[in-house]
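# Inside the fold
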Amino acid sequence: MKLLRKDIAPDASGSVKLVPEESEDLWHAYNLIIQGDRVAAVTVRKVQRETSTGGREAERVRLKLAVEVEAVEFDNVASVLRIRGKNVVENEHVKLGAYHTLELDKQRSFVLTKVQWDSVALDLLKHACDPSTNADVIALLMQEGLSQLCLLGPSITTTKAKIETSIPRKRGAAIAGYDKALNKFFENTLQAVLRHVDFGVVRCLIIASPGFMKDQFYDYMMLEATRREIRPIIENKSKIILVHASSGYKHALKEVLASPAVVTQIEDTKAAQEVKALEDFYNMLSNNPARAAYGPRHVEVAHDRLAIQTLLITDKLFRDADIATRRKYVSLVDSVKGLGGEVHIFSSMHVSGEQLGQLTGIAAILRFPLPDLEDMEF
Amino acid sequence: MPRKGRHKLYDEDDYDYYDDYKDDDEFDYAEHGQSRKEDDATSSAPQQNFLGGASKAGETALGEANLWRCSICTYDNPEDYLACDICGVIRHPSTRVDQLSTAVPFKFDGPSPDDKVLAGKQRNARSVPVEVSSPSILSKTSLSTMETKGGVNTSHSSKLKATLESKAPARSRKLGYDKEKKIESCHVIKPSQYEGESYLDDGMKHMSLDNNLQDNGIINHKIEQSSNKGLPLDNYKPEQWMLEDNENEKKLFHLVIVGHVDAGKSTLMGRILHLLGRISQKEMHKHRKEANEMGKGSFAYAWALDEGSEERARGVTMTVAMKHFETKKFKVVLLDAPGHKDFIPNMISGAAQADAAVLVVDASTGAFEAGFEGQGQVGGQTREHAQLVKSLGVNQLVVAVNKMDAVNYSKSRFNQIKGSLAPFLKQCGFKDTAILWVPVSGIEAQNLVTGPSETQLTSWYTGINLLDAIDTLEPPVRLTSKPLRLIVAEVFSKITLGPTAVSGKLESGAVKVGTKVLLMPSREIARVKSLEQDGESVSVGRAGDHLDVGLQGVDAGALMVGGVLCHPDYPVPIATLLELKVLTLGITVPLLRGTQVVLHAHHAKDPARIAELVSLLDLKTGAVIRQSPRCLTANQRAVIQVVPERGVCVEEYTNFRSLGRIILRDGGKTVAVGVISRIISQQ
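What counts, and at which threshold
Residues numbered from 1 in each chain as written. Chains lettered and ligands numbered in written order. Predicted model: local features only at pLDDT ≥ 70, side-chain atom pairs only at ≥ 80, totals over all residues. Heavy atoms only, no water. Helix = DSSP H or I, 4+ residues; strand = E, 2+ residues; numbered from the N terminus. Buried < 20%, exposed > 50% of the residue type's maximum accessible area, 1.4 Å probe, protein only. Areas by Shrake-Rupley, 256 points an atom, 1.4 Å probe, with all protein chains shown as cover. Contact = heavy atoms within 4.5 Å. Lys, Arg positive; Asp, Glu negative; His and termini not counted. Charge placed at Lys NZ, Arg CZ, Asp CG, Glu CD. Pairing = 2+ DSSP bridges. Buried area = accessible area lost by both parts, 1.4 Å probe. Salt bridge = Lys/Arg side-chain N within 4 Å of Asp/Glu carboxyl O. Nonpolar A, V, L, I, M, F, W, Y, C, P; charged D, E, K, R; others polar. Phe/Tyr/Trp six-rings, centres within 6.5 Å; stacked < 30°, edge-to-face > 60°. Lys NZ or Arg CZ within 6 Å of the ring centre and 35° of its normal. Axes fitted to C-alpha atoms, helices over the stretch in contact; angles between N-to-C directions. pLDDT = per-residue confidence, 0-100. Expected span 1.5 Å × (residues − 1). Bend = angle between axes of the 7 residues up to and from the residue. Left-handed = near helix turned anticlockwise from the far one by under 90°.

Okay, the overall build of chain B next. Looking only at helices and strands, chain B has 21 helices and 27 strands in total. Counting all 683 residues of chain B, 58% fall into the buried class. If you sum the accessible surface of chain B, you get close to 27200 Å²; carbon and sulfur atoms cover 51% of it.

So, on to the overall build of chain A. Along the backbone of chain A there are 12 helices and 16 strands. Taking all contacts inside chain A whose residues are at least 6 apart in sequence as the whole, residues at least 24 apart take part in 66%. When the accessible surface of chain A is split by element, carbon and sulfur atoms take 49% of a total near 17100 Å². Computed over 49 positive and 50 negative side-chain charges, the separation of the two mean positions in chain A equals 4 Å.

Residues and elements named next belong to chain B. Where burial is concerned, most of strand β15 (residues 524-533) is hidden: 7 out of the 10 residues are buried. Pairing between strand β14 (residues 516-520) and β15: 4 bridges, direction antiparallel. Across the sheet, the residue bridging to Val-517 is Ala-526, located in β15. What sits between β14 and β15 in their antiparallel hairpin is a turn of 3 residues, with Arg-523 showing a positive phi close to 55°. The sheet contact formed by β15 and strand β18 (residues 546-552) spans 5 bridges and is antiparallel. Its bridge partner lying in β18, Arg-527 is registered against Gln-552. Between β15 and strand β16 (residues 536-538), which follow one another and run antiparallel, lie 2 residues, and Asp-534 among them has a positive phi close to 50°.

This part is about the interface of chain A and chain B. Facing 40 residues of chain A, the contacting portion of chain B comprises 46 residues. Both faces considered, chain A and chain B share a buried interface measuring about 3900 Å² in area, 50% of it formed by carbon and sulfur atoms. Our count for the contact surface shared by chain A and chain B stands at 1 salt bridge. Across the salt bridge formed by Arg-646 of chain B and Glu-164 of chain A, the nearest N and O atoms sit 3.2 Å from each other. Those elements that provide at least two residues to the side of chain A that touches chain B are α3 (175-196), α4 (213-228), α6 (253-258), α8 (270-287), β13 (292-294) and α12 (351-358) of chain A. Of the residues assigned to the side of chain A that touches chain B, the class counts are 15 nonpolar, 14 polar and 11 charged.

Excluding glycine, most residues fall at negative phi; most peptide bonds, likewise, are trans. Residues and elements named next belong to chain B. A cis amide bond links Met-520 to the next residue, Pro-521, at an omega of 5°. In this structure, Pro-521 sits in the loop between β14 and β15. Look at Tyr-409: it is not a glycine, yet its phi comes out positive at around 50°. Mapped onto the elements, Tyr-409 comes out in the loop between β9 (397-402) and α19 (411-428).

Residues and elements named next belong to chain B. Counting buried positions along helix α16 (residues 344-351) yields 8 of 8 residues, so the element is predominantly enclosed. Regarding α16, the residues found buried are Ile-344, Pro-345, Asn-346, Met-347, Ile-348, Ser-349, Gly-350 and Ala-351. Tucked into the core, α16 has its buried residues touching β5 (251-259), β7 (330-336), α18 (381-391), β21 (596-601), β22 (604-617) and β26 (661-666).

Attention now goes to the packing of aromatic side chains. One pass over the structure, following the stated rule, counts 14 aromatic pairs over all chains. Centre to centre, the rings of Phe-281 of chain A and Tyr-282 of chain A are 5.9 Å apart; their planes meet at 70°, and the pair counts as edge-to-face. Assigned by exposure class, Phe-281 of chain A and Tyr-282 of chain A land together as buried. With 6.4 Å between their ring centres and 80° between their planes, Phe-318 of chain A and Tyr-329 of chain A make a pair best called edge-to-face. Separated by 11 residues along the polypeptide, Phe-318 of chain A in helix α10 (residues 315-320) and Tyr-329 of chain A in helix α11 (residues 323-338) bring together distant segments of the chain. With relative accessibility at 4%, the residue Phe-318 of chain A sits in the buried group. An aromatic cluster is defined as three or more aromatic residues linked by ring pairs; in this entry it consists of Phe-185, Phe-186, Phe-217 and Tyr-220 of chain A. Above the face of the Trp-117 of chain A ring, Lys-114 of chain A is positioned so that its terminal group lies 5.5 Å from the ring centre. One residue, Lys-390 of chain B, lies across the ring of Phe-430 of chain B, its end atom 5.9 Å from the ring centre.

A separate point is the sheet that holds strand β11 (residues 202-209) of chain A. Residues and elements named next belong to chain A. Spatially, 5 strands are ordered β10-β9-β8-β11-β12 in an open sheet, and the strand pairing comes out mixed. Of all the strands in the sheet, just β10 (157-164) and β12 (240-244) have a single pairing partner and so form its edges. Averaged over all pairs of adjacent strands, the angle between strand axes in this sheet comes to 20°, irrespective of strand direction. When strand β8 (residues 136-143) meets strand β9 (residues 146-152), the two strands line up antiparallel, connected through 7 bridges. The residue of β9 that forms the bridge with Leu-140 is Leu-149. With respect to the sheet, α4 is in contact with β8, β11 and β12, its orientation differing from that of β12 by roughly 160°.

To continue, consider the sheet that holds strand β16 (residues 362-366) of chain A. Through backbone hydrogen bonds, the strands of a sheet pair up, either in parallel or in antiparallel fashion. All names here are of chain A. With respect to topology, 4 strands assemble into an open sheet ordered β13-β16-β14-β15, the strand pairing being mixed. Edge positions in the sheet fall to β13 and β15 (342-346), since each of these pairs with one other strand and no more. Neighbour-to-neighbour, the strand axes of the sheet open up by a mean angle of 15°, direction not taken into account. Contacts between α12 and the sheet are confined to β14 (308-314), β15 and β16, with β14 contributing the most and set at about 100° to the helix.

Moving on to the confidence of the model for chain B. All names here are of chain B. Confidence along chain B averages 73 in pLDDT terms, with 67% of residues attaining 70 or more. Ranking the elements of chain B by mean pLDDT puts strand β4 (residues 221-223) last, at 39, and strand β24 (residues 637-644) first, at 92. In this model, residues 94-103 is a region of pLDDT below 50 whose contacts with residues beyond four sequence positions or in other chains number 11 contacts. Here residues 127-227 scores under 50 on pLDDT; set against residues more than four positions off or in separate chains, the count is 225 contacts.

A regular strand places its side chains on the two faces of the sheet in alternate fashion. Residue and element names in this part refer to chain B. Burial runs high along strand β20 (residues 574-584): 8 of the 11 residues are buried. Direction of pairing for β20 relative to strand β25 (residues 648-649): antiparallel, over a ladder of 2 bridges. Within β25, the residue paired with Ala-575 across the bridge is Val-648. In terms of strand pairing, β20 meets strand β27 (residues 669-682) through 9 bridges, oriented antiparallel. Counterpart to Glu-579 in the pairing with β27 is Arg-678. Pairing of β20 with β24, which is carried by 6 bridges, proceeds in the antiparallel orientation. Of the residues in β24, the one forming a bridge with Lys-581 is Val-639.

This paragraph deals with α19 of chain B. Residue and element names in this part refer to chain B. With 18 residues, α19 ought to run about 26 Å at 1.5 Å a step, and its terminal C-alpha atoms sit 25 Å apart, in line with that. A maximum bend of about 30° is found in α19 at Leu-421, where proline Pro-423 lies one to four positions downstream. Along α19, the residues classified as buried are Arg-413, Phe-414, Ile-417, Leu-421, Phe-424, Leu-425 and Cys-428. Tucked inside the fold, the buried residues of α19 contact β8 (356-362), α17 (367-372), α18, β9 and β10 (435-439). Two residues or fewer past α19, Gly-429 is found with a positive phi of approximately 115°.

It is worth spelling out the environment of Gly-586 of chain B at this point. All names here are of chain B. Along the chain, the position of Gly-586 falls in the loop between β20 and β21. Here the alpha-carbon distance between Gly-586 and Leu-466, two residues 120 residues apart in the chain, equals 32 Å. Ignoring sequence-local partners within four residues, the contact set of Gly-586 consists of Ala-634 and Asn-635.

A separate point is the packing of α16 of chain B against α18 of chain B. Any two packed helices are characterised by the angle at which their axes cross and by the distance between the axes. Residue and element names in this part refer to chain B. For the pair α16 and α18, interaxial distance at closest approach is 10 Å and the crossing angle is 35°. As α16 runs across α18, the sense of the crossing is right-handed. On α18, the residues touching Ile-344, Met-347, Ile-348 and Ala-351 of α16 are Gln-381, Glu-384, His-385, Leu-388 and Val-389. Taken together, the residues of the contact of α16 with α18 break down into 6 nonpolar, 2 polar and 1 charged.

Here it is as structure tokens:
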């Protein structure tokens, strides 16, 4: 994201002008913009006009509108951010208070004004505008008859392609049917890889599967690449990593990201850190359950006793909550940080964040055991 | 072409009344069936009056007592016209069923060609459950016969229903469909079943249903755009052809071979097949030659089962191989499961079909320990497989202690293995009496189909050989009296079966060539074109058989592994929220709300997440220890709720055991096994 202008007053109110550059940036914008903010952007609106003869005529007018946000929607696949709200700037075409939905797209600047820029929002802004975090990893998850191509950005995971075929079991002389089906499956997967993987951008391509599927596919891919002279694959052979996964489903991504071969490649990415933090939490929960807490109430109690060492929280909590609740979570994050604790804000678009989201969205590893949490109601 | 003012009969209120009868919960219904019945009896009386009044008003306004709709031009003719006023088509003579016309003036509504098109369209657009007019229902009362025709004028059918509800509470559930759906269903008869028949014929068939029910059998279908649930399973009455079974014939027996990787499962079975003459000398010679060429001479027998090039190259079974052989007592369907931990999902689908299991353990020094204890915290596959087969409903086990040649057929080693494995198997839930211990050697063919010849073994072993041990197993109980359920284990195409063929075990009911089956979860109707068993064409398949079914009238995309072929009247539910009673295994990471797992049920697998930890149960008594626990750790019993991502075709365990078992896996390990105690919501 490009930051064009930043006017934030000492009382934390102010505005910024931003240009999202890729879909990841729209995701950041989605997290930044909350109910009650003002967003100004160039938009197109259909305006009814009366002609001189008294007839009506609709016309699409390009104009700049500012709305007070009521709802924000993010479409990951189409990379569009929709912001619905009431118009706050008088305009010759649009009345004050009329509803309008702004569509933010890549490369379209917008101005975001907040009454209060809290620490979480400022951190997010800083993170979003940091170009060094941009690096993508592509993971191909496979199992017999199912393959999924996932693009792992710093904060979002997008499923680019999903291929499903039923592969018959081996049977006597009809074994050819099995090989044929498998080859077709590989061919489709290879086509998906060629279509979606831009080796110029991605750091590495991870092929993960249970059993020997990954090796089989790798062999097939290399054979076809030489046969058909597919340059990108031949040249980027070193970027392909084979990893074991227990299944081809999306949640196996967390195993993939935790495997040593991958960790060295993506150590610095947010996704890897999140996976590690969540794993630590689970380990703590199994080894010393009294030192792990989850659920808003338990975490709050733990915080009151200054017990939180690492706080895990999803961005969904900041986004969905009303202003008062958001403020509560922000102050929790601030105060944990102030007390020397560590805070991980998980992206709900990653597998680990998704999982934390299922787990009430908030969890904590504690400095010392609090066995009485167990008996407390959620 | 409705007459003017006639639509008044479709009074809003009428439908609202029936909406109240929309009963989503089958379970609930069964429980309250009795009280509902009484309620209906009392409440239907005023309702009838009301309806009677309403229709009377409508009719008097029309000045017509009764109308019948022409099946060709849909013009509404007066009751006393024998032929249509407009097009002259003769009204069906037997419409005046005596009992009915006295009680309720009956009107026959045939579907117009437009409706026919519409019906087809809707069938494609949305999933449509199909109802079969099975004899049990039709023969109940003639009222219900009329009802199932679906061509009854709405106002009259309302009256019928009012009466029906009091008479047949079980059926009334069916009537409570949505208002709009009902309007559609009143005029919609599924076209495909009536292809090639004129509507008049169609009517004839229905009118004479009472006497030729058996002939029409379940081929006589009718669509109803009503509830998704179908009929309660208890309603099902099998037909004669489904039951008859030749007692003298050898029973089919599904046997799964499990065990740790490299325990010699495939070699052992390859050897047995060879000794029984199921593999010709020529084939065996070929395998031996090829194996030697690849420097894997010892794999020659395993190659009889491991046919995939990848499997042969790596020397590991990957998918479940299926072979047939015969013993003195059984026709055995042999399922050779892979032992490698990455292929446990395949092993589960194999074991889900099995009636009994052979657990192969490697007797050679260190190998048994590796399979049993495993490395580090992770147990070996001997352990995991034993737990899995038990949780999949296999109660009888033959433990084949293999590779006895490697330990010089030592009695002490055999006893040592028995000593350490027996307590564990007991802990898994196998009864001591249900386990047979047989020392064998696959590679030296000792004690497989004939008694041992090796003196080192004969000196102390006096028991039976492996094949006889299989013969001592109890034959499985077949669910012939339940409606058709065939779990799709494989989708393939074959010249003799056509491009859309499935294979799987018939869990219950029966199927014959020509029957219509409902394909779940795609909800498509298909016709059985041909049936094969072990490569030979058969005409009828009954519960317990392993069948290859050639289907007609479906798209290959609608077939999927883990799907179920069912009786169109009794579709299997597609569960989207399940309550499970589970036992957690030796897990290191606790299970929490939101934990993502892979849910395995028979051949289906679906990513799922745990939605709720409902309660923790006592290991022995099953009593609730605490509600909504924070997490589940190893070896605990609990009730949990699970949400599969796409929905799976399963049944509640109490209704249908083989479809009610569940295994939850995560990260390549089995985290919990259990049964479905309740299907909370379904598609």
